[in-house]
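# Coordinates in review
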Amino acid sequence: MRILDAILGRSKPVRPDLDRLFGLPGAAVSLEAGAGFTSTGRGSVCFASVEGGAFSQLQRDVRELLDADTDRGGVPVEFSQDAYGYTWLLARQPPDDVPALVNDLHAVNSLLQDGGFGPQLLCSLIGFQDPAGRSLALVYLYKRGTFYPFAPLPGAAEKRDNALELQMRALLGDDLRIEEDLSRWFPVWGAPGL
């Protein structure tokens, strides 16, 4: 079948490397040192929901795994749906514990992927804020295995701070694999965790 795929120009998508998420703690240090942005302690995973018992069970498993520490003061995860029908899972950790937040996001992505729902994964993000109140998200594109910064303008209705995004691209180039195609830097307006 490979020869036929090559002749017809079909390619098999590259399996994303979820371990790239573990570059986020280092990127958080660079953001704080280079631009004054600190973690909000919030991160989220976006995926397309699927009807059926297997997917519902997987959502219960994710909730059970991430809510295991609620009896010790942990914050329960939240599921929500956006205007496009995508499901968002919001996880919270103390703002100074980016590695724990990354572990939560990695666990969710891994559970969905290992459960056969990898194609439903869209992106993951971690929110940051600077002393001036500007928001920034580092967004991981699951299907591309790359990151990009997303910076909505404060107080503006769906407008981006493109200059800040490009500045963050330059700042984070050594920490993360940044998406080179700017047309793939999709806005994530109103994303939980931002």
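A quick note: this is a predicted structure, and the numbers were derived from the prediction, not measured. Think of each chain on its own: its residues are numbered from 1, step by step along the sequence as written. The predicted nature of this model means local features are confined to residues of pLDDT at least 70 and side-chain atom pairs, given and counted, to a pLDDT of 80 or more, with totals for whole chains, interfaces and linings taken over all residues. Note that the side-chain values use all heavy atoms of the structure and ignore hydrogens as well as water.

Here we take up the overall build of the protein. Looking only at helices and strands, one finds five helices and six strands in the protein. Reading the secondary structure of the protein in the N-to-C direction produces α-α-β-α-β-β-α-β-β-β-α. Each residue is placed in one exposure class: buried if its accessible area under a 1.4 Å probe, protein chains only, is under 20% of its type's maximum, exposed if it is over 50%, and partly exposed if it falls in between. Taken over 194 residues, the protein has a buried fraction of 43%. In what follows, a contact means two residues having at least one pair of non-hydrogen atoms within 4.5 Å. Expressed as a percentage of contacts within the protein between residues at least 6 apart in sequence, the contacts between residues at least 24 apart total 65%. By definition, any uninterrupted DSSP run of H or I lasting at least four residues is a helix, any uninterrupted run of E lasting at least two residues is a strand, and each is numbered from the N terminus.

Right, let's talk about the confidence of the model for the protein for a bit. pLDDT is a residue-level measure of predictor confidence that goes from 0 to 100. Per-residue confidence for the protein gives a mean pLDDT of 86, with 85% of residues at or over 70. Per-element confidence in the protein is highest for strand β6 (residues 146–150), whose mean pLDDT is 97, and lowest for helix α1 (residues 2–8), whose mean pLDDT is 57.

Here the focus is the packing of aromatic side chains. Two aromatic rings, drawn from Phe, Tyr or Trp (for Trp, its six-membered ring), form a pair once their centres lie within 6.5 Å of each other, and the interplanar angle then sorts them: stacked below 30 degrees, edge-to-face above 60, tilted otherwise. Scanning all chains against the criterion turns up three aromatic pairs. Relative to phenylalanine 147, the ring of tyrosine 140 has its centre 5.0 Å away and its plane inclined at 50°; by these criteria the two rings are tilted. When the ring of phenylalanine 150 is compared with that of tryptophan 189, the centres are 5.1 Å apart and the planes differ by 75°; the resulting orientation is edge-to-face. Within this pair, whereas phenylalanine 150 is found in strand β6, its partner tryptophan 189 is found in the segment after α5 (162–172), the two being separated by 39 residues in sequence. Judged by relative accessible area, which is 0%, phenylalanine 150 ranks as buried. Judged by relative accessible area, which is 30%, tryptophan 189 ranks as partly exposed.

Time to look at the side chain of aspartate 130. Looking at where aspartate 130 falls in the secondary structure, it is placed in the loop between β4 (121–129) and β5 (135–141). In this structure aspartate 130 comes out as buried when scored by relative accessible area, which is 9%. Those residues in contact with aspartate 130 that sit more than four places away from it in its chain are Gly36 and Phe37.

A word on the environment of leucine 90. Assignment of secondary structure puts leucine 90 in strand β3 (residues 86–92). We classify leucine 90 as buried; its relative accessible area is 7%. Note: C-alpha distance between leucine 90 and valine 45 (45 residues apart in sequence) is 6.9 Å. With residues near it in sequence (within four places) discarded, leucine 90 still touches Arg42, Gly43, Ser44, Val77, Glu78, Pro192 and Gly193.

What follows concerns the packing of helix α2 (residues 24–35) against helix α4 (residues 98–117). Only the contacting stretch of a helix is used when fitting its axis, a line to C-alpha atoms as for every element, and angles between N-to-C directions run 0 to 180 degrees. As a packed pair, α2 and α4 sit with axes 9 Å apart at the nearest point and diverge in direction by 140°. Classified by the interaxial angle, the pair formed by α2 and α4 is oblique. Note that α2 runs across α4; the crossing there is right-handed. In contact with Leu24, Pro25 and Ala28 of α2, α4 contributes Val98, Pro99 and Val102. Each residue gets one label: Ala, Val, Leu, Ile, Met, Phe, Trp, Tyr, Cys and Pro are nonpolar, Asp, Glu, Lys and Arg are charged, and the others, such as Gly, are polar. Classifying every residue of the contact of α2 with α4 gives six nonpolar, no polar and no charged. In these notes the angle categories are as follows: under 35 degrees is roughly parallel, over 145 is roughly antiparallel, 65 to 115 is roughly perpendicular, and the rest is oblique. The sense of a crossing depends on the near helix, which, turned anticlockwise from the far helix by less than a right angle, makes the crossing left-handed and, turned clockwise, makes it right-handed.

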